[in-house]
Each structure stands twice: as structure tokens, then as C-alpha cells.
Amino acid sequence: MTDLRGQALAALATQTIELPSWAFGNAGTRFKVFSSPGVPRDPFEKISDAAVVHRFTGAAPRVSLHVPWDLVDDFGKLAQHAADEGVSIGAINSNLFQDDDYKFGSLTNADPAVRAKAVAHHVQCIDVMRATGSTDLKIWLPDGTNYPGQDDIRDRQERLAESLQQVYAELDPGHRLILEYKFYEPYFYTMDIPDWGTSLLHCLALGEQAMVVLDTGHHAPNTNIEFIVAQLLRIGRLGAFDFNSRFYGDDDLIVGAADPFQLFRIMNEIVRADALRPESGVNFMLDQCHNIEPKIPGQIRSVMNVQEATAKALLVDRDALRTAQRSGDVLGANAALMDAYNTDVRPLLAELRESQGLPADPYRAYAASGHAEQIATERIGGQQAGWGA
Ligand code: LRH
Ligand code: MN
Ligand code: MN
């Protein structure tokens, strides 16, 4: 156990979690966007807020951007601002869901001019990657249909494959195209990339620089997500997570809030595959919005939840687990997992943070810091995260 603890501490020290810029803006549902005090007024302030989360947790050194929500005149200046604040730019998210031209599809549209426009948007995003030092182009394809017969399912796949090839051809050698799937919404009959299998098939056709993104909120109820994680890790194509929690739909709630046991089971597969190491290529991103709770504390809590699930997964006694599994000891194997899951890992994480000169409890430390009150008086007229109005 002592040895496991030491190994867990060492592994936890290397884990990084990427924050979404849109978590810091005002958010809501299609019914209401609530305004919160102290919310950023521009992308520079969103990055400053992400940097605060990093200062308190020591585990969130990158920020994902969304184009055009984070559009600025000079992306080099934005990247420099990030560096000055002690963080860097992570994935660049394209946006194919807020333009009238995309009503019947973007990369899948039957009209070649619309497809060309959607491809050109990705060329713009790749330029943003070059200006900011980002290495991941993240594509979530919102395309789909609402009614049987509305469009030809196969033709849409062919058009998608061709458009993706065109985007992929624009990547630099160190770049990755990471492709997200979602089973429903904004369309309800078919989505053109509804599941990990479809995303994986497109990635395999594209080449080695294409990887799957798994958003934990994008599956049908009761889907065994850790099984998908295991499969994608086996084939070396799990590029990233979009972590969040869901009770019903794509709820984008705080990761680990709805189902901490599921998060543990996911992290258990990560640890099992030795994919926690930064070199494994799995980018642990958050994709959340904080509709009613304060943003910076919401992100701090999210980072802590991922760390806690990871710590528990690292404490699984793998030798005992394997022995029990191989001898058909069903209950013993299950107990090996549950013993780790039921461990209170907060003291372990407090020890890690203190050894790094960080507050033992980042959430409490932020609440006591006065930062929230300071930005509430300094910033008037904060921005909306980008959608939901
Ligand atoms: C789509 C999604 C995708 C978008 C983000 C804002 O539901 O998960 O990742 O880019 O939300
Ligand atoms: Mn997502
Ligand atoms: Mn989503």
C-alpha cells in the first residue's frame, strides 16, 4: 500500500487537465442565460480566469479556445497573454453550429459551396493553432437530419469523408485532428457522427494524426463509457476527453458530480492502459458550462473531482486485482476495485499539493482569497459564453 501511495503521488504530479474558455462566460440553457458578477469581458480575461484555476490547483496549465467565440485580432498576443499568466493555449474548437448556411449540414452539406465554407473555417482554425502554438484541432460535427428520408445517410458520409480529408491535408506535422461524436442534438433522427465507431472509422481513414474525442455527456443513457475508453486505448486512438456530467441529456454539469463512480471507472481504464502519462497523447479536457454556480470555483471543483477519481484509480491494487480476475474470484476482484474507490483520497491530494507549494484545498483557498469579490467590482458587463441565448 505504501508503495502504491508513492506511485500514486508521482503519477498525480504529472496529470494535467485542460480548461474550456467558455466555462468562464455567462451561460444558461435555451430558456435563460443568467448573468454572474465578475464574468470576463473578452477572451483575454477568460484566459486570466483559467490561469487563476491553475494557480490554485497546479493542474490546469492549458485553455481550449472556441472559434469564433474567442475571436481576437491578434492570436499571437492572446498566446503571449496566456504565457504571461503561466498557461498555454490548448485545443482549438471549430464552430459549425451557428451559421444559417449550415441548416442542412456543414461538412456534409449537399451544396459544395457550403462544404467549402466549412472547410475554410477549419483552415482559419489551423492558422489560429499556428499563431497560438496549439496542437489540437477539435471538430464536433453538429450535422444531421430530423426526418427519415430527409437526406441520404450514405451520401452524407461520403461527403463528410471528403471534407475531412481536405481539412486533414492542411494540418502541420505536429498537429492532430481530434473528432468528437454525439448521439443526438441538434438533430434528432440521424447525427452524422453519432458514436465512437463512426468517429473512429473516419479517423482511421484520415491517418495517424486523427484521434477520437470522447465527451462523457454524448452517449445514450446507460452506455458503458469505460468500455469505449478501453477500446479506443487498445487501438491507440483516444485523443481526448471532454469531461462533464449528465443526468439526462448533454447537461454539461461539473464532472464527477452526477456519477463519481463512472468517472472512477473511466480513470481506472486510463491507469490500466498507462495512459495517464502526458506522452500517452490523451488530452484530459473539460467541456462544461456553469449556468447557476460561480465559474472559477466551478472549474476548481471540476479539476479536484478529476484528480480524486484519478487518485482512486491509482490506488487500485493491480496485482491483487489480476490474481483475483485470473482465478475466477469474482467478489475478490470487485472488492479490489471497490476498496480503492471507497478510499478517502483527499489527504493524499492535500499532501501532493502542499509538497508543490499549493493550497491543500484549492476550493476553500480560492473562496478565502478575495479574488471573486475583486473581479466582481472590476468587471462590469461580462460576456456570454457563446450560445444558449
Ligand atoms: C457539443 C459540444 C462540443 C462543442 C461544445 C461547446 O455539444 O460538446 O464539444 O464544441 O459542446
Ligand atoms: Mn464536447
Ligand atoms: Mn456537448
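Numbering of residues begins from 1 in every chain and follows the order in which that chain's sequence is written. Chain A is the first chain written and ligand 1 is the first ligand written, with later ones labelled in order. Residue-level local features of this predicted model are given only where pLDDT is at least 70; pairs of side-chain atoms are given and counted only at 80 or more, and the full residue set underlies all totals for whole chains, interfaces and linings.

Per an unreviewed UniProt entry, the recorded name for the protein chain is L-rhamnose isomerase, and the organism is Modestobacter muralis.

Q: Go over unusual backbone geometry, please, and point to the residues and values.
A: Of note, the amide linkage connecting V67 to P68 takes the cis form, showing an omega dihedral of 20°. Strands are runs of DSSP state E lasting at least 2 residues, helices are runs of H or I lasting at least 4, and numbering of each runs from the N terminus. Secondary-structure assignment places P68 in the loop between β2 (62-66) and α3 (75-85). The amide bond that connects E185 to the next residue, P186, takes the cis arrangement and shows omega of 15°. By the element assignment, P186 lies in the loop between β6 (176-180) and β7 (190-191). With a phi angle near 55°, D252 is a residue other than glycine that sits in the positive phi range. In this structure, D252 sits in the loop between β9 (238-243) and α8 (260-272). With C-beta atoms placed from the backbone, a residue is labelled by how many other C-beta atoms lie within 10 Å of its own: buried for 20 or more, exposed for 12 or fewer, partly exposed between the two. Residue classification places D252 among the buried residues on the basis of 24 C-beta atoms within 10 Å.

Q: Could you give me a rundown of the pairing of β2, with the residues and numbers involved?
A: Counted residue by residue, β2 has five buried out of five residues, so it is predominantly covered. Here β2 shows no split at all, with R62, S64 and H66 on one side and V63 and L65 on the other all buried. Two elements, strand β1 (residues 18-20) and β2, share three bridges in a ladder whose sense is parallel. Bridging from a neighbouring strand, P20 pairs with S64 of β2. For the crossover from β1 across helix α2 (residues 43-57) to β2, the handedness is right-handed. Pairing between strands is defined by DSSP: at least two bridges between them are needed. With four bridges joining them, β2 and strand β3 (residues 88-93) adopt parallel strand pairing. Each residue of the ladder has a partner; that of L65, found in β3, is I92. With α3 bridging β2 and its parallel neighbour β3, the resulting β-α-β unit is right-handed. The path from the first strand over the helix to the second decides the hand: if it runs clockwise while the strands point away from the viewer, the crossover is right-handed.

Q: Which residues make up α8, and what values go with them?
A: In this model α8 runs 18 Å from its N-terminal to its C-terminal C-alpha over 13 residues, within 8% of the 18 Å that 1.5 Å per residue would give. When α8 is considered as a whole, its buried residues turn out to be L263, F264, I266, M267, N268, E269 and I270. The contact criterion used is a C-beta to C-beta distance within 7 Å, with each C-beta placed from the backbone. Elements in contact with the buried residues of α8: α7 (225-234), α9 (295-314) and α11 (330-341). Two residues or fewer after α8 comes D274, characterised by a positive phi angle close to 55°. In this scheme, a helix's expected span is set at 1.5 Å multiplied by one less than its residue total.

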